[in-house]
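Inside the fold
Here is what each chain is made of, one letter per residue.
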Amino acid sequence: MAKRRLAPRAHRRPRTRGLRLVVQLTVLGLVVASTSAFALLYKSAVVDVDGQQVQVQGYAWTVGDLLANEGIKVGEGDLVIPSVDQPVPATITVRHAQQITIEVDGARQTVTTTATTVGEVIDDLGLREDSRASASRTDRVGRGTLLVSTVKTVHVVVDGQTIAAVTDGGTVRDALIDVGVVLGQADRVSAPLGAATVDGLVVVVTRADAKGETSTEAVPFETREVEDKNLVKGDRQVGTRGKVGVRTITYRVDMVNGVAVGRTPISSAITTAPVDEVVRIGTMDVKSAPPVSPGTAQAIAKEMVAARGWDDQQYSCLYNLWQRESGWRVTAKNPSSGAYGIPQALPGTKMASAGADWQTNATTQITWGLGYIASRYGNPCGAWSHSESHNWY
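Quick notes on the rules
Residues numbered from 1 in each chain as written. Predicted model: local features only at pLDDT ≥ 70, side-chain atom pairs only at ≥ 80, totals over all residues. Heavy atoms only, no water. 1 Å grid on protein atoms, 1.4 Å probe; cavity = no way out; pocket = protein on both sides within 12 Å on 5 of 7 lines; lining within 4 Å. Points joined across faces, edges and corners; volume = space filled by probe spheres on them. Helix = DSSP H or I, 4+ residues; strand = E, 2+ residues; numbered from the N terminus. Nonpolar A, V, L, I, M, F, W, Y, C, P; charged D, E, K, R; others polar. pLDDT = per-residue confidence, 0-100. Contact = heavy atoms within 4.5 Å. Disulfide = S-S within 2.5 Å. Buried < 20%, exposed > 50% of the residue type's maximum accessible area, 1.4 Å probe, protein only. Pairing = 2+ DSSP bridges. Lys, Arg positive; Asp, Glu negative; His and termini not counted. Salt bridge = Lys/Arg side-chain N within 4 Å of Asp/Glu carboxyl O. Polar contact = N/O pair within 3.5 Å; in protein donor to acceptor, adjacent residues only side chain to side chain. Core = buried A, V, L, I, M, F, W, Y, C linked by side-chain atoms within 4.5 Å. Axes fitted to C-alpha atoms, helices over the stretch in contact; angles between N-to-C directions. Expected span 1.5 Å × (residues − 1).

On to the layout of surface pockets. The computed volume of the second largest pocket comes to approximately 650 Å³. Taken together, 26 residues make up the lining of the second largest pocket; nearest its centre are Asp123, Asp124, Leu346, Trp392 and Tyr393. Of all elements in the fold, only strand S6 (107-113), helix H3 (118-124) and helix H7 (362-377) reach the threshold of two or more residues within the lining of the second largest pocket. Split into classes, the residues belonging to the lining of the second largest pocket amount to 13 nonpolar, seven polar and six charged.

Here is the structure:
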């Protein structure tokens, strides 16, 4: 049987070279693809952590990955904008939740908040903007107890008069100072000077028996009403708080054997003039069309959301947020807090910055609400996330 003859070795070498070239090209393609993928994963962002900005960079798919790589811890109740499962943007905001002790009009409570300043804490609690705090509104939230006193009316009975004093003083002493009552060394007050003030409190000041040649008495202030075209008709605001004045009276004291038997006033002068209380009365006549339906308000909002460059996901978050807050009703009002309108502004007069017809105009209310959300939470989904975890925004 004839043997099969093999082709010479030199004729088989070109096939081996071709196979090697294919393998090398395949490996090179995988390396290039892997390198491109890693390049796409490399992110850089400015992270605002509790008011302090830091530049971070690294490989990450999501906001949570980038924060974890940098050792920035995020726990339950913390505020992250955008949320940790979102793609990495140019800027990220992180607010760590903390427990603080706050005492409002003598009632102490512990609250959890992501606010960084005293002013933000007061706003988050829904307290009036003219409340008095023990620290500046721009101060960062500290570890000590934050004392807050709301505006209230205290009735001061002094020198035969009853004075209704509007004060944000936290104690009886503060209220008397606000209204201008000067206490003598031996005068008596019906409540401890350090006691907390409450709305409707009655404080009786009993003057000590005068044994010298002079005495003082309070001079009541007048109350004036002035029209204000910048306030809606029916609104009343105290523009200038009244303060009582001081009258100094000089007496001639008749003495018999060292005992005073008579006092005769010989002069009287106002040494501190009273300050009139000025109350501003709104005269603005708000004229607008009847409130639109919730469906129309939603359509208006969708166009305004798109105009801001926000996508459908942001509108979905906004829809859920305001559906919970007001049902998209222009005249919705919270009976307990007084929050008003589609975005539930507290107080509703805040929306006057967007238009005088804030009480009935859906566009005005939505304009104000979107501006508030953008400045506070960055976008509607940030506000919705906060509402989900705190039940308010």
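Right, let's talk about the confidence of the model for the protein for a bit. Of all residues in the protein, 84% have pLDDT values of 70 or greater, and the mean over the chain is 83. Taking the mean pLDDT of every element in the protein, the minimum, 52, falls on helix H1 (residues 9-41) and the maximum, 95, on helix H6 (residues 312-326). This stretch, residues 1-12, has a pLDDT under 50; its non-local contacts, to residues over four places away or in other chains, come to one contact. Counting contacts from residues 30-38, a segment whose pLDDT is below 50, to residues more than four positions away or on other chains yields one contact.

Below, the discussion takes up the state of the cysteines. For the structure on display, the rule yields one disulfide. Between the sulfur atoms of Cys317 and its disulfide partner Cys381 the distance amounts to 2.2 Å. One disulfide, between Cys317 and Cys381, carries an S-S torsion of 85 degrees and so falls in the right-handed class. With Cys317 in helix H6 and Cys381 in helix H8 (residues 380-390), the pair connects residues that are 64 residues apart, well separated along the chain. By the burial criterion, Cys317 is buried, and Cys381 matches it.

As a further point, take the pairing of strand S1 (residues 42-49). Taken residue by residue, a regular strand's side chains alternate between the two faces of the sheet. In this sheet, strand S2 (residues 52-59) lies alongside S1 in antiparallel orientation, the contact comprising eight bridges. By the bridge assignment for S2, Val46 is matched with Gln55. Where S1 folds back on S2, the antiparallel hairpin that results is connected by two residues, among which Asp50 adopts a positive phi of roughly 50 degrees.

What follows concerns the side chain of Asp50. Following the sequence through the fold, Asp50 ends up in the loop between S1 and S2. As a buried residue without a salt bridge, Asp50 has its nearest oppositely charged side chain in Arg95, at a separation of 5.0 Å. A distance of 2.8 Å separates the side chain of Asp50 from the backbone nitrogen of His96, its partner in a polar contact. If near-sequence neighbours (up to four positions away) are discounted, Asp50 is found in contact with Val94, Arg95, His96, Thr116 and Arg140.

Another aspect to go through is the nonpolar core. One finds Leu318, Trp322 and Ile342 to be the most contacted residues of the largest nonpolar core, which totals 23 residues. Going through the elements one at a time, strand S3 (79-81), helix H5 (294-307), H6, H7 and H8 are the ones with two or more residues in this core. Discounting chain neighbours no more than four positions away, the residues touching Ile342 are Ala297, Trp322, Glu325, Ser326, Trp328, Arg329, Val330, Ala362, Gln365 and Ile366.

Moving on, we get to the side chain of Thr197. Relative to the helices and strands, Thr197 is located in the loop between strand S11 (188-189) and strand S12 (202-206). Among the polar contacts made by the side chain of Thr197, one reaches the side chain of Lys152 at a distance of 3.5 Å.

This part takes up the sheet that holds S1. Ordered in space as S2-S1-S4-S3, the four strands form an open sheet in which the pairing is mixed. In this open sheet, the two edge strands, each paired with only one partner strand, are S2 and S3. For this sheet, the mean angle separating the axes of adjacent strands, direction not counted, is 25 degrees. One ladder, built from three bridges, connects S3 with strand S4 (residues 91-95); its direction is antiparallel. Within S4, the position partnered with Ile81 by the bridge is Thr93.

Attention now moves to H7. An ideal rise of 1.5 Å per residue puts 22 Å on 16 residues; H7 measures up with 21 Å between its terminal C-alpha atoms. Within H7 the residues assigned to the buried category are Ala362, Thr364, Gln365, Ile366, Trp368, Gly369, Leu370, Ile373 and Tyr377. Residues of H7 that are buried sit in contact with S3, H5, H6 and H8. Looking one or two residues past H7, Gly378 carries a phi angle of roughly 90 degrees, positive in sign.

Turning next to unusual backbone geometry. Omega for the bond connecting Ile81 with Pro82 falls within 30 degrees of zero, at -5 degrees, which places this linkage in the cis form. Secondary-structure assignment places Pro82 in the loop between S3 and S4. Between Leu346 and Pro347 the backbone carries a cis peptide bond, its omega angle lying at -5 degrees. Examined against the element boundaries, Pro347 turns out to sit in the loop between H6 and H7. With a phi close to 50 degrees, Asp50 is a non-glycine residue in the positive phi region. Although it is not a glycine, Asn391 adopts a positive phi angle of roughly 65 degrees. Counting through the fold element by element, Asn391 comes out in the segment after H8. The exposure class assigned to Asn391 is exposed, which follows from its relative accessible area of 60%.

Further remarks concern the pattern of salt bridges. A full pass over the atoms with the stated rule returns seven salt bridges. Salt-bridge contacts for Arg108 lead to Glu103; the nearest nitrogen and oxygen are separated by 3.1 Å. The closest approach of N and O atoms between Asp168 and Arg241, which form a salt bridge, is 3.6 Å. You can see Asp168 sitting in the loop between strand S10 (161-167) and helix H4 (172-179) and its partner Arg241 sitting in the loop between strand S15 (236-240) and strand S16 (245-256), a full 73 residues away along the chain.

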